[in-house]
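# Examination of the molecular architecture
As a plain string of letters, each chain reads:
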There are 2 protein chains.
Amino acid sequence: MARDAIKEVRREQLIVATIDVIARKGFSELTLAEVAETAKLSTGIVNFYFKSKDVLLSATLAHMVGEYRRYWRANVAAATSPTAKLTAMLEGDFQRLVANRKTVTVWYAFWGETRWRPDFMTECQALSREFQAVASDLFRQLDTPDRDPMLIAKGFSAMSDGLWLDMLINPKETDRDTARRVVRAFLHGLYPEHFAADAAEASTSAA
Amino acid sequence: MARDAIKEVRREQLIVATIDVIARKGFSELTLAEVAETAKLSTGIVNFYFKSKDVLLSATLAHMVGEYRRYWRANVAAATSPTAKLTAMLEGDFQRLVANRKTVTVWYAFWGETRWRPDFMTECQALSREFQAVASDLFRQLDTPDRDPMLIAKGFSAMSDGLWLDMLINPKETDRDTARRVVRAFLHGLYPEHFAADAAEASTSAA
DNA sequence: GCATTCGTTGAATGGTCGTTCAATCAGAAT
DNA sequence: ATTCTGATTGAACGACCATTCAACGAATGC
């Protein structure tokens, strides 16, 4: 393997393994030995590429934040109208790539620890602010009186996070598609001109 | 102290101390020694009243779930109309007693671990189902066509949890009152006949 | 009072795990 | 080919911590 590429390859390898171990064992049972084993490397190597366990964990969260950020920004960029962009944010949050059990599990594991780790806090804060700022701006462009874009954006953002929790805790009753329909129902109710009623929702309420 | 009361007193003492330590140190840094010290008892006593650390943690979550359940059920019972009951659920979720930094911190710490602890899962599942079932029933009673009570209830419940997270991560931008206004804005938008616009919200959008 | 029962203590134990490091190995450079 | 640089290994170390337990203390029942 090329000498200069190795550093990045190993770091990513270890980060991916860390995500894997968190998903499998949880934050409190994560050990560096298992991370190394999952990455098919020896125990000592983790401390060679990351100064400490804490640094590895921070890097792992930064990695997840980066991925998610690129993902939703790309989705927004690909859509044209404000309505389409908001729809893209919504749909993006409930695609399999993002809203799968493993990923959501790991997000909640990190959020559970965020309070005591300034690094985590900074990352999460930045992400949440960006997301809300963009959403707020888009809602503002819908130009609807009596709707405070900032409040709606906060609720919009919060609903995704909350629904992810529900998917974790109540997977039988709240699956990806149901969650998607929940958000659509709210957007349709608030902005009927911009967001059509979900076909599935209409049939449900008719039944 | 009376012999027969001691058992319950000590257990509660330890549970309260556990909540305290989680709030102060987080889940991953919680030690039984510190729990005991916080409770002003000796180290060995934790394993006398709780078979293991895991059992203590489960009991602590059960305690929190019980408190929260009693709280919102009382709020609902005290209100008369469906609208008033839903308002009570909403307002209740953003009162200082419940939506304070310490309590929300601990809730998220538990949720972060829930995935790997069947006991936690069961407790959280039961609570979330109850809450959603009651809310769904109340929304149904508002008798509004084009609103699927089940979906609205899920979103209503998810929004509280998500806003709590935002309060943790973005305390400057999302405080208790802002969070309250977010939910009110959504309810007003969805059911204008039943939920009046927030005074604060109106003035914000006028500004 | 005395014996008994049960609560309480804190030191000892054993296991786990983050971290270090001397030794080894593999490319790269000369 | 030989040296050199940096990657990799895994055993060893030391700290931490859940759990145990023998000893002690205090309330209860007789």
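On a predicted model such as this, the values are computed, not experimentally measured, just so you know. Position numbers for residues start from 1 in each chain and track the written sequence from start to end. To label them, take the chains in the order written and letter them from A, then take the ligands in the order written and number them from 1. Predicted model: local features are reported for residues with pLDDT of at least 70 only, side-chain atom pairs are reported and counted for 80 or more only, and whole-chain, interface and lining totals are derived from all residues.

### Regarding the domain arrangement of chain A
Residues and elements named next belong to chain A. In plain terms, the rule: Domain segmentation is taken from an automatic or database assignment of domains. Each residue is represented by a C-beta atom placed from its backbone, and any two residues with such atoms within 7 Å are regarded as in contact. Throughout this entry, Asp, Glu, Lys and Arg are counted as charged residues, while Ala, Val, Leu, Ile, Met, Phe, Trp, Tyr, Cys and Pro are counted as nonpolar. The remaining residues, Gly among them, count as polar.
The domain boundaries assigned to chain A delineate domain 1 (1-50) and domain 2 (60-206). Here the C-alpha centroids of domain 1 and domain 2 sit 30 Å apart. Of the residues lining the interface, seven residues belong to domain 1; the matching set on domain 2 comes to eight residues. Class assignment of the residues belonging to the side of domain 1 that touches domain 2 gives a composition of five nonpolar, two polar and no charged.

### Examining the protein's contact with DNA strand C
Definition in use: For each residue, a C-beta position is placed from the backbone atoms; the residue is near a molecule or strand when that point lies within 6 Å of it. What counts as a helix is a DSSP run of H or I of at least four residues, what counts as a strand is a run of E of at least two, and both are numbered from the N terminus.
Not every one of the 19 residues close to DNA strand C is listed here, only the nearest: Gly44, Asn47 and Ser52 of chain A together with Ser42 and Gly44 of chain B. Contributing elements (two or more residues each) for the surface near DNA strand C: α2 (32-38) of chain A together with α1 (3-25) of chain B. The element best represented in the surface near DNA strand C is α1 of chain B, accounting for three residues. Residues belonging to the surface near DNA strand C are distributed by class as follows: seven nonpolar, eight polar and four charged.

### What about the protein's contact with DNA strand D?
Taken together, 19 residues lie around DNA strand D, and Ser42 and Gly44 of chain A together with Gly44, Asn47 and Ser52 of chain B are the ones closest in. Looking at the surface near DNA strand D, the elements with two or more residues in it are α1 (3-25) of chain A together with α2 (32-38) of chain B. The class makeup of the residues in the surface near DNA strand D is seven nonpolar, eight polar and four charged.

### Regarding the UniProt feature "domain: HTH tetR-type" (unreviewed entry) in chain A
To keep things clear, this is the line we draw: UniProt positions are given in the numbering used here, feature names are shortened, and annotations may be inferred rather than shown by experiment.
Look at the UniProt record and you will see "domain: HTH tetR-type" (unreviewed entry) annotated at residues 8-68 of chain A. As a span, residues 8-68 of chain A carries 74% helix and 0% strand, and end to end its C-alpha atoms are 20 Å apart.

### Examining helix α5 (residues 82-93) of chain A
What counts is decided by this rule: Each helix should span, by expectation, one fewer than its residue count multiplied by 1.5 Å. Exposed residues have 12 or fewer other C-beta atoms within 10 Å of their own C-beta, buried residues have 20 or more, and partly exposed residues fall in between, where C-beta atoms are placed from the backbone.
In this model, α5 of chain A (12 residues) spans 17 Å end to end at C-alpha, consistent with the 16 Å of a helix rising 1.5 Å per residue. Within α5 of chain A, burial applies to Lys85, Leu86, Thr87, Met89, Leu90, Gly92 and Asp93 of chain A.

### Quick look at the relation of the copies chain B and chain A
Spelled out, the test is: Superposing copies: least-squares fit, C-alpha atoms only, residues required to have pLDDT of at least 70 in both.
Take chain B, turn it by 180 degrees, move it 0.0 Å along the axis, and it overlays chain A with an RMSD of 0.0 Å. The transformation just described matches what one would write down for a two-fold rotation axis. A high fraction, 100%, of the interface residues of chain B reappear at the interface in chain A, so the copies pair face to face through one surface.

### Considerations on the interface of chain B and chain A
Listed by partner, the interface residues are 48 residues for chain B and 48 residues for chain A. Among the elements that take part in the side of chain B that touches chain A, helix α8 (residues 149-169) of chain B stands out by supplying 14 residues, more than any other. Residue classes in the side of chain B that touches chain A are distributed as 21 nonpolar, 15 polar and 12 charged.

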